[in-house]
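Now for the letters of each chain:
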Amino acid sequence: APAWLTALLYCPPQPVPTPPKPRVRSSNEDDSIERASLYLADMPAAIAYEGGHAATWEAARTLRGFGLTKGEALDLLVREYNSRCVPPWREDELRHKIEDAFSSRAKKIPDLREWSAS
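Note that the structure is a prediction, hence the values are computed from the model and not measured.

Examining the environment of Ala41
In this structure, Ala41 sits in helix H2 (residues 32-41). With relative accessibility at 25%, the residue Ala41 sits in the partly exposed group. The sequence separation of Ala41 and Tyr81 amounts to 40 residues, and the corresponding C-alpha distance is 7.2 Å.

If you want it as structure tokens, here you go:
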């Protein structure tokens, strides 16, 4: 194959950025978002050509397991997960993942409402 075509096919590995620290919420608020944030920080980031779609869908599905609303889940994906992804997702793509993960087709959602980071 010509060198220009081979160059298009080769994607050098890119370093994964350091994950952001989860935000802190006051103790009088429901802590489901904080717990979901901690759990999300331990999930693998989406890396192009290395299962990125599946990793992001799994992250969205997991957020559903914390009993979050679609808006809360999208906010966490955009602000705390997407910065680790290579390349980062567009917000409309993340919204689509949330919609799909929160649909009735997404079976076997783990119930993580009582999960603790201890």
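Considerations on the pattern of salt bridges
Two side chains that carry opposite charge are able to pair once their charged atoms sit near each other. Applying the stated rule across the entire model yields 7 salt bridges. Arg35 is the salt-bridge partner of Asp31, the closest N and O atoms lying 3.2 Å from each other. Looking at Arg35, the relative accessible area reads 12%, which means it is buried. Residue Asp92 pairs with Arg90 through a salt bridge whose shortest N-O separation is 3.0 Å. Bridged by salt links that share partners, the residues Arg90, Asp92 and Glu93 form one connected network.

Re unusual backbone geometry
Along the chain, Val86 connects to Pro87 via a cis peptide bond; the corresponding omega equals -10 degrees. Positioned with a positive phi, Tyr49 is a non-glycine residue whose angle comes to about 70 degrees.

Some points on the packing of aromatic side chains
With the rule as written, the count across this model stands at 1 aromatic pair. On the basis of an interplanar angle of 65 degrees and a centroid distance of 5.5 Å, the ring pair of Tyr39 and Phe66 is categorised as edge-to-face. Placement of the pair is Tyr39 in helix H2 and Phe66 in the loop between helix H3 (52-65) and helix H4 (70-81), with a sequence separation of 27 residues. Its relative accessible area of 2% is what places Phe66 among the buried residues.

Notes on the confidence of the model for the protein
Mean pLDDT over the protein stands at 79; residues scoring 70 or higher make up 67%. Contacts of residues 24-28 to residues separated by more than four positions or lying in other chains number 3 contacts, the stretch itself having pLDDT below 50.

A few points about the environment of Cys85
Relative to the assigned elements, Cys85 resides in the loop between H4 and helix H5 (91-101). On the basis of relative accessibility, which here comes to 3%, the residue Cys85 falls in the buried class. With 40 residues separating them in the primary sequence, Cys85 and Ala45 have C-alpha atoms 5.2 Å apart. Once residues lying within four places of it in the same chain are set aside, the contact partners of Cys85 are Ala45 and Ala46.

Comments concerning H2
All of the buried residues in H2 are Ser32, Ile33, Arg35, Ala36, Ser37 and Leu40. Where H2 is buried, its residues contact H3 and H4.

What counts, and where the lines are drawn
- Residues numbered from 1 in each chain as written.
- Predicted model: local features only at pLDDT ≥ 70, side-chain atom pairs only at ≥ 80, totals over all residues.
- Heavy atoms only, no water.
- Helix = DSSP H or I, 4+ residues; strand = E, 2+ residues; numbered from the N terminus.
- Buried < 20%, exposed > 50% of the residue type's maximum accessible area, 1.4 Å probe, protein only.
- Salt bridge = Lys/Arg side-chain N within 4 Å of Asp/Glu carboxyl O.
- Phe/Tyr/Trp six-rings, centres within 6.5 Å; stacked < 30°, edge-to-face > 60°.
- pLDDT = per-residue confidence, 0-100.
- Contact = heavy atoms within 4.5 Å.

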